[in-house]
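One letter stands for each residue in the lines below.
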Amino acid sequence: MIDFSSKSGSAHSEQMQQRPLEGLLVLDFGQFLSAPSAALRLADLGARVIKVERAGSGDICRSLYISNMELDGDSTLFHSINRNKESFAADLRNPIDAAEVHALIRKADVLIQNFRPGVMERLGFHYEAVKAINPAIVYGEITGYGNEGPWVGKPGQDLLVQSMSGLTNGGGLSSGSPMPLGLAVTDMIAGAHLVQGLLSCLVRRAVTGVGARVEVNLLESALDLQAESLTEYMNRDAAEAQPNSPQPPKPSGIYATSDGYVSVMPREQHEAKVEALLHATNAMTSQQLTSALESAGYEVSQVLNWRQLLEEEHVKGMNMVQSITRGNGTTMRTTCCPIRIDGIQFRSAKGSQKVGEDTAAIRKQLIDPIP
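Nothing here was measured: the structure is a model prediction, and the numbers come from that model. (Residues numbered from 1 in each chain as written. Predicted model: local features only at pLDDT ≥ 70, side-chain atom pairs only at ≥ 80, totals over all residues. Heavy atoms only, no water.)

## Let's talk about the nonpolar core
Grouped together as the largest cluster of nonpolar side chains are 33 residues, with contacts concentrated most on V26, L42, V110, I112, L194 and L198. Ranked by the residues each element gives to this core, the list is headed by helix α8 (residues 185-208), at seven residues. Dropping the residues within four chain positions of it, L194 is found in contact with A38, I112, G140, E141, I142, V214 and V216. Listed in part, the 26 residues of the second largest apolar core include A90, L111, I137 and I367. (Core = buried A, V, L, I, M, F, W, Y, C linked by side-chain atoms within 4.5 Å. Buried < 20%, exposed > 50% of the residue type's maximum accessible area, 1.4 Å probe, protein only. Helix = DSSP H or I, 4+ residues; strand = E, 2+ residues; numbered from the N terminus. Contact = heavy atoms within 4.5 Å.)

Put into structure tokens, the structure is as follows:
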């Protein structure tokens, strides 16, 4: 188990080369997107992440296709959030397999899971059971709606949470039809929140030696994502706070041009000066309209698609695209960690693993012979 407090001062060059979470052992029991995305971020920052998967079928996300794209037998979604990990296959209902996982837990710093409430209790891997094996472990869990209340049993699926949280219709203040965001945003933000909680508790553990249980749910993460708009809504007077109340029009939003689109931020002054521009956008190219609005003092940008984005020199300079390779040589391109520390960008060429690909090696290295 890693001891952050025992790190002695080393040469600056050595610190620059070492990822900040090196020596940390993380067990990723996650399924789908939220918990595995949190484990991925820890892996990118240097932790050794072992994905504990169901023997045979593995994480259901392997066959969850947002599009029809797959690579080497698994969905591209799975590849994107499970790179840079190891895979340990186990049947948690099997006493022998469970004993091996207990051995891993004894050596782990962090355990992450996002099963529905009650599942880990039935399997015997809930927080109290894990804490009995390893009192200093930091146990992270993501649920859809928390562990108590009328909505506990509802499926914690991103689209459903977006719908119930107000994200799909601007909190009811939008006059248009509800529209979900085109990304699994509640999953991803919940994963980010879990990482924040885990790291804060690891810092506390380095000082006190005390482990922790970190709880995050998709609904609260969605509410936090809307904090600015919710705060405005909750502090209006009663008349203004009515759902679907008319909002004063502003020259803001996305506008079509002759060759694409531009987006414009709102501004109270000079609206009359650009009104003609905003009614004649189809006669102008995106570059022409962008230049005209910038000259009028507006904050504006062209709306790029992914092809255009990846061709931009600024984006190329960021070096956010990396190639990852599986053990069998299959290669794909994906994004890398967006966090830089001491000027270092963390990249890893290690792709996702086949189900149980590392079981034998992990068993030999980390699991003592089971009596």
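## Comments concerning helix α12 (residues 286-295)
For α12, the set of buried residues is S286, L289, T290 and L293. The buried residues of α12 all sit within an arc of 100° when viewed along its axis, so they share a single face. Where α12 ends, the next residue or the one after it, G297, has phi of about 95°, a positive value. (Arc of directions from axis to C-beta.)

## Side note on the sheet that holds strand β1 (residues 25-28)
The parallel open sheet is built from six strands, whose spatial order is β5-β2-β1-β6-β7-β8. Each of the sheet's edge strands pairs with one partner strand only, and the pair in question is β5 (86-90) and β8 (212-217). In this sheet, neighbouring strand axes are inclined to one another by 20° on average, regardless of whether the strands run parallel or antiparallel. Of the strand pairs in this sheet, β1 and strand β6 (residues 110-113) are connected by three bridges, and their pairing is parallel. Paired with V26 across the bridge in β6 is V110. Sitting on the sheet, helix α9 (residues 218-225) is in contact with β7 (138-143) and β8, with an inclination near 65° to β8. (Pairing = 2+ DSSP bridges. Axes fitted to C-alpha atoms, helices over the stretch in contact; angles between N-to-C directions.)

## A look at the sheet that holds strand β11 (residues 300-302)
Read from one edge of the open sheet, three strands run β9-β10-β11, paired in antiparallel fashion. Where the open sheet ends on each side, the last strands, each with one partner, are β9 (253-256) and β11. For this sheet, the mean inter-axis angle between neighbouring strands, taken without regard to orientation, is 25°. Examined bridge by bridge, strand β10 (residues 261-264) and β11 share three bridges and lie antiparallel to one another. Looking at β11, one finds that S263 is bridged to S301. The strands touched by α12 are β10 and β11; relative to β11, the strand with the most contacts, the crossing angle is about 170°.

## Quick notes on the pairing of β5
On any regular strand, side chains alternate: one points to one face of the sheet, the next to the other face. For β5, a buried count of five out of five residues is recorded, marking the element as mostly surrounded by other parts of the structure. Side chains of β5 alternate between two faces, with E86, F88 and A90 and S87 and A89 buried alike.

## Quick look at the packing of α8 against α9
Closest axis-to-axis distance for the α8/α9 pair is 8 Å, and the angle between their directions is 95°. Looking at the two axes, α8 sits roughly perpendicular to α9. Residues V185, T186, D187, I189, A190 and H193 of α8 pack against L218, S221, A222, D224 and L225 of α9. When grouped by side-chain class, the residues that make up the contact of α8 with α9 number six nonpolar, three polar and two charged. (Parallel < 35°, antiparallel > 145°, perpendicular 65-115°, else oblique. Nonpolar A, V, L, I, M, F, W, Y, C, P; charged D, E, K, R; others polar.)

## Some remarks on the environment of D59
Examined against the element boundaries, D59 turns out to sit in the loop between β2 (48-54) and β3 (70-71). In sequence terms D59 and F32 are 27 residues apart; their C-alpha atoms lie 7.0 Å from each other. A distance of 3.2 Å separates the side chain of D59 from the backbone nitrogen of F32, its partner in a polar contact. (Polar contact = N/O pair within 3.5 Å; in protein donor to acceptor, adjacent residues only side chain to side chain.)

## Considering the side chain of D187
Residue position: D187 is located in helix α8. R116 is the oppositely charged side chain nearest to the buried, salt-bridge-free D187, at an N-O distance of 12 Å. The contact partners of D187, leaving out residues within four places of it in the chain, are L33, S34, S37, D158 and L218. (Lys, Arg positive; Asp, Glu negative; His and termini not counted. Salt bridge = Lys/Arg side-chain N within 4 Å of Asp/Glu carboxyl O.)

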